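Below are the chains, spelled out letter by letter.
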Amino acid sequence: MIHIDLNLESQTIIVTASERWSGQGDAFRMQLYSPFTKSTYSLLLGENLSTWISRYDEFNISTNDFPVKVPGTLDYTIYEYDSSTQTDIKVLESGSLKISK
């Protein structure tokens, strides 16, 4: 489970999305879904800061840019993304994300 604390300005998340990377995309896109509100949100993840990409991926997220501002639990899916066509290529990882304040 990923944890986002809205009281922090930025934070690092660790995922394992590169294990399934096909090489056709040029970015990672995280889609968030709230089962409570039935709302969907999207977030492009920035530069992969991992020093060992074959093992894990590390992204810094600015809480100011985070699309959800209320505490709760969301489902997330990370996609391999082609930014030139704005197309999801394939699902890389999915799980739960908890937001606290």
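So, a few notes on the structure that sits alongside this text.

The rules behind the values
Residues numbered from 1 in each chain as written. Predicted model: local features only at pLDDT ≥ 70, side-chain atom pairs only at ≥ 80, totals over all residues. Heavy atoms only, no water. Helix = DSSP H or I, 4+ residues; strand = E, 2+ residues; numbered from the N terminus. Rg over C-alpha atoms; globule rule 2.2 N^0.38 Å. Buried < 20%, exposed > 50% of the residue type's maximum accessible area, 1.4 Å probe, protein only. Contact = heavy atoms within 4.5 Å. Areas by Shrake-Rupley, 256 points an atom, 1.4 Å probe, with all protein chains shown as cover. Salt bridge = Lys/Arg side-chain N within 4 Å of Asp/Glu carboxyl O. Polar contact = N/O pair within 3.5 Å; in protein donor to acceptor, adjacent residues only side chain to side chain. Core = buried A, V, L, I, M, F, W, Y, C linked by side-chain atoms within 4.5 Å. Pairing = 2+ DSSP bridges. Axes fitted to C-alpha atoms, helices over the stretch in contact; angles between N-to-C directions.

### Quick notes on the overall build of the chain
Check the secondary structure of the chain and you find zero helices and seven strands. Walking the chain from its N terminus toward its C terminus, one meets helices and strands in the order β-β-β-β-β-β-β. Its C-alpha radius of gyration of 13 Å places the chain within 12% of the 13 Å reference for a compact globule of 101 residues. Its C-alpha atoms give the chain principal-axis dimensions of about 35 × 30 × 20 Å. Considering the chain as a whole, with its 101 residues, one finds that 40% of them fall into the buried category. Of all intrachain contacts in the chain linking residues separated by at least 6 positions in sequence, the fraction that spans at least 24 positions is 65%. Accessible surface, the chain: about 6000 Å² in total, of which carbon and sulfur atoms supply 47%.

### What to know about the pattern of salt bridges
For the coordinates displayed, the defined rule picks out one salt bridge. For Asp-88, the salt bridge goes to Arg-29, with nearest N and O atoms at 2.6 Å. With a gap of 59 residues between them, Asp-88 in strand 7 (residues 87-100) and Arg-29 in strand 3 (residues 27-34) connect regions that are remote in the sequence. Looking at Asp-88, the relative accessible area reads 32%, which means it is partly exposed.

### With respect to the environment of His-3
Here His-3 lies in strand 1 (residues 2-5). His-3 sits in the partly exposed class, given a relative accessible area of 41%. C-alpha of His-3 to C-alpha of Ser-100: the two residues are 97 residues apart in sequence and 7.6 Å apart in space. Those residues in contact with His-3, other than ones at most four positions away along the chain, are Gln-11, Lys-98 and Ser-100. For His-3, the side chain forms a polar contact with the side chain of Ser-100, separated by 2.8 Å.

### A look at the nonpolar core
In globular proteins that are soluble, nonpolar side chains generally tend to be buried together. Ranked by internal contacts, the top residues of the largest apolar core, which has 21 residues, are Ile-4, Ile-13, Met-30, Leu-45, Phe-66, Ile-78 and Leu-97. Mapped by element, the contributors of at least two residues to this core are strand 1, strand 2 (10-15), strand 3, strand 4 (39-45), strand 5 (57-62), strand 6 (72-82) and strand 7. Setting aside chain neighbours within four positions, we find Phe-66 in contact with Ile-4, Leu-32, Leu-43, Ile-61, Leu-97 and Ile-99.

### Here we look at the sheet that holds strand 7
Strand order in the open sheet formed by five strands is 1-7-6-3-4, with mixed pairing between adjacent strands. Each having just a single partner strand, strand 1 and strand 4 make up the two edges of the open sheet. Neighbour to neighbour, the strand axes of the sheet diverge by 35 degrees on average, direction disregarded. As paired strands, strand 1 and strand 7 are joined by four bridges and run parallel to one another. Among the inter-strand pairings, His-3 is bridged to a residue of strand 7, identified as Lys-98.

Any functional reading would require information beyond the geometric quantities listed.
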